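# Residue-level structural notes
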Amino acid sequence: MNPAKTTSIRPLGNIDIAALAAAVRAIPEAVWDAENAAKPNKFDALDATRHIVFRFINDPRDWRASHDRPAWGPWRTLLEPVLAQAVQPYGYARPVFPRVMLARMAPGGVIHPHIDANLAAKWPHKIHVPLATNPQVVSFFGGAAHHFPEGTAVEVNNLGPHWVRNQGATDRVHLIFEVFDLDQPGPTQ
């Protein structure tokens, strides 16, 4: 495990999400449906969420190799400023983003307790940036329930048990991504 990862949550600050959030609100349902059907992250725990995956790892055992998916190109100019703002507190000169995606949970949706068990999840920091939420969205990380407001970035402990519940009347949409420092020695170095 990366010793720099949080064991609970780590607030990273406010982020300017205006342009990205407006573009996300304009995504047609047919695009959500098509992207979700083709997503590479098909895990039982995520059945309550729909995803648009921009970047993804090549192998679940290795975070160091990833690839751009078709949606990355058209969305890159909206995503990169948000990614850069969110990770600024780490001070990384060469941040790498192996997984980048939108996760949309409808009202009444639940992600049941789970841990991110694949080896590729053990090193990068896992970051959430809420783009749309409501006060009844509760996320459980680090042994406590949290509500993450729109426009904030927070690192979460994905290696401990975590779950999410949307008991509100509106969708919850988060930009979820991972980051690691290319200059930080890895566990095999």
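Going by the structure above, here's the rest.
Read on for an overview of the structure. (Residues numbered from 1 in each chain as written. Predicted model: local features only at pLDDT ≥ 70, side-chain atom pairs only at ≥ 80, totals over all residues. Heavy atoms only, no water.)

### Overview of the overall build of the protein chain
Inclusion rule: Helix and strand labels come from DSSP, where a helix needs a run of H or I of at least four residues and a strand needs a run of E of at least two; each type is numbered from the N terminus. Computation of the radius of gyration draws on C-alpha atoms alone. For the globule rule, the value is 2.2 Å times the number of residues to the power 0.38. Working rule for contacts: check all heavy atoms of both residues, and any pair within 4.5 Å makes them a contact.
What the protein chain contains, in helices and strands, is three helices and twelve strands. Taken over the C-alpha trace, the protein chain has a radius of gyration of 15 Å; the compact-globule value for 189 residues is 16 Å, and the two agree within 12%. Dimensions of the protein chain along its principal axes, counting C-alpha atoms only, are 45 × 35 × 30 Å. Taking the contacts inside the protein chain whose residues are at least 6 apart along the sequence as the reference set, 77% of them involve residues at least 24 apart.

### Considering the sheet that holds strand β9 (residues 144-146)
Two orientations exist for strands paired in a sheet by backbone hydrogen bonds: parallel and antiparallel. Put simply, the test is: Two strands form a pair only when DSSP identifies at least two bridges running between them. Lines fitted to C-alpha atoms define the axes, with helix axes restricted to the stretch in contact, and inter-axis angles between N-to-C directions lie between 0 and 180 degrees.
One open sheet holds the four strands; their spatial order is β6-β11-β8-β9, and the pairing between them is antiparallel. Every other strand in the sheet has two partners, leaving β6 (110-114) and β9 as the edge strands with one partner each. Neighbour to neighbour, the strand axes of the sheet diverge by 20 degrees on average, direction disregarded. Here strand β8 (residues 137-141) pairs with β9 via three bridges, running antiparallel. For phenylalanine 140, the partnering residue across the bridge sits in β9 and is alanine 145.

### Some thoughts on the packing of helix α1 (residues 18-25) against helix α3 (residues 72-87)
Here is the rule we go by: Note that the term roughly parallel is reserved for angles under 35 degrees, roughly antiparallel for angles over 145, roughly perpendicular for angles of 65 to 115, and oblique for everything else. Helix crossings fall into two classes, left-handed where the near helix is turned counterclockwise from the far one by less than a right angle and right-handed where it is turned clockwise. Gly is put with the polar residues, along with every residue not named as nonpolar or charged; the nonpolar set is Ala, Val, Leu, Ile, Met, Phe, Trp, Tyr, Cys and Pro, and the charged set is Asp, Glu, Lys and Arg.
Between α1 and α3, whose axes approach to 9 Å, the crossing angle comes to 140 degrees. When the interaxial angle is binned, α1 and α3 end up oblique. In this structure, α1 meets α3 at a crossing whose hand is left-handed. Taking contact as the criterion, the partners of Ala19, Leu20, Ala23 and Val24 in α1 are, on α3, Trp75, Leu78, Leu79 and Val82. Class assignment for the residues of the contact of α1 with α3 results in eight nonpolar, no polar and no charged.

### Side note on the pattern of salt bridges
Any two side chains of opposite charge can pair, on the condition that their charged atoms come close. Where we set the bar: Salt-bridge detection follows one rule: a side-chain nitrogen of Lys or Arg within 4 Å of a carboxyl oxygen of Asp or Glu. Summary of the burial criterion: residues with accessible area below 20% of their type's maximum are buried, those above 50% are exposed, and those between are partly exposed, where the area comes from a 1.4 Å probe applied to protein chains only.
The tally for this structure, following the rule as stated, stands at 13 salt bridges. One salt bridge in this structure joins aspartate 171 and arginine 104, with 2.6 Å as the shortest N-O distance. Residue aspartate 171 is found in the loop between β11 (162-166) and β12 (172-181), and its partner arginine 104 is found in strand β5 (residues 100-105); the two are separated by 67 residues along the sequence. Given a relative accessible area of 23%, aspartate 171 falls into the partly exposed group. Given the relative accessible area of 15%, arginine 104 is considered buried.

### Observations concerning the environment of proline 161
You can see proline 161 is positioned in the loop between β10 (152-156) and β11. Judged by its relative accessible area of 55%, proline 161 is exposed. Distance from proline 161 to phenylalanine 141, taken between C-alpha atoms, is 6.9 Å for residues 20 residues apart in sequence.

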